[in-house]
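Listed below are the residues making up each chain.
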Amino acid sequence: MKNSSRPKAPAHLSAAAKKWWSKLISEYEFETPDSVMTLECVMECFDRATAAREMVEKDGAVLNDRFGQLKAHPATVIERDARMAMLRALKALGLDVVQPGTLPIGRPPGR
């Protein structure tokens, strides 16, 4: 934000999402309400993907349906969709997601 006040993490976010929110808010300037709303979307998608992943870890990636046939766990789709939405929102914010020790991928700085 342009002024000294920084938006606080929404109360409904997990502790991990709130921690990530605080880190991003301290490192980047979110100048418009739209950018803050997009950041909130990132965090909600992060929480949704995390919850879905935990369900898959608990139940397994495949389940038996009522006919005894193996089917993909429904949470695998939720996790995939939440991750994709999170990455799109991060891209919309212009934040690069880079693993430590790797070279950045994408447009060179200043282009």
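Calculation criteria
- Residues numbered from 1 in each chain as written.
- Predicted model: local features only at pLDDT ≥ 70, side-chain atom pairs only at ≥ 80, totals over all residues.
- Heavy atoms only, no water.
- Phe/Tyr/Trp six-rings, centres within 6.5 Å; stacked < 30°, edge-to-face > 60°.
- Helix = DSSP H or I, 4+ residues; strand = E, 2+ residues; numbered from the N terminus.
- Buried < 20%, exposed > 50% of the residue type's maximum accessible area, 1.4 Å probe, protein only.
- Core = buried A, V, L, I, M, F, W, Y, C linked by side-chain atoms within 4.5 Å.
- Contact = heavy atoms within 4.5 Å.
- Salt bridge = Lys/Arg side-chain N within 4 Å of Asp/Glu carboxyl O.

Participant: For this particular structure, what's the right way to read the packing of aromatic side chains?
Facilitator: When we look at a pair of aromatic rings, we describe it by the centre distance and by the angle of the planes. If you walk through the whole model with that rule in mind, you get one aromatic pair. When the centroid spacing of 5.4 Å and the interplanar angle of 65° are considered together, the rings of Trp 20 and Phe 46 count as edge-to-face. With Trp 20 in helix α1 (residues 15-27) and Phe 46 in helix α2 (residues 33-59), the pair connects residues that are 26 residues apart, well separated along the chain. The exposure class of Trp 20 is partly exposed, given its relative accessible area of 24%. Judged by relative accessible area, Phe 46 falls into the partly exposed class, the value being 24%.

Participant: I keep staring at the environment of Val 36 and nothing clicks. Help me out?
Facilitator: Mapping Val 36 onto the fold places it in helix α2. Its relative accessible area of 15% is what places Val 36 among the buried residues. Separated by 30 residues in sequence, Val 36 and Arg 6 have C-alpha atoms that sit 10.0 Å apart.

Participant: Sorry, what's going on with the nonpolar core here?
Facilitator: Side chains that are nonpolar tend, in soluble globular proteins, to be buried together. Residues Trp 21, Leu 24, Phe 30, Leu 39, Val 42, Met 43 and Leu 93 are the most contacted members of the largest nonpolar core, which totals 16 residues. Looking at this core, the elements that each hand over two or more residues are α1, α2 and α3 (74-93). Looking at which element gives the most residues to this core, the answer is α2, with five residues. Met 43 has contacts with Leu 13, Ala 17, Trp 20, Trp 21 and Leu 24, leaving out every residue within four places of it along the chain.

Participant: Is there a simple way to think about the pattern of salt bridges in this case?
Facilitator: Side chains that carry opposite charge are capable of pairing whenever their charged atoms lie near each other. Inspection of the entire model under this criterion finds five salt bridges. With a shortest N-O distance of 2.7 Å, Lys 23 and Glu 27 are connected by a salt bridge. Here Lys 23 pairs with Glu 27, and both are found in helix α1, just four residues apart, close to one helical turn. Judged by relative accessible area, Lys 23 falls into the partly exposed class, the value being 47%. Residue Glu 27 is classed as partly exposed on the basis of its relative accessible area of 46%. A salt bridge links Arg 83 to Glu 79; its shortest N-O distance comes to 3.1 Å. Within this pair, Arg 83 and its partner Glu 79 are both found in helix α3, separated by four residues, close to a single helical turn. When its relative accessible area of 14% is taken as the criterion, Glu 79 is described as buried.

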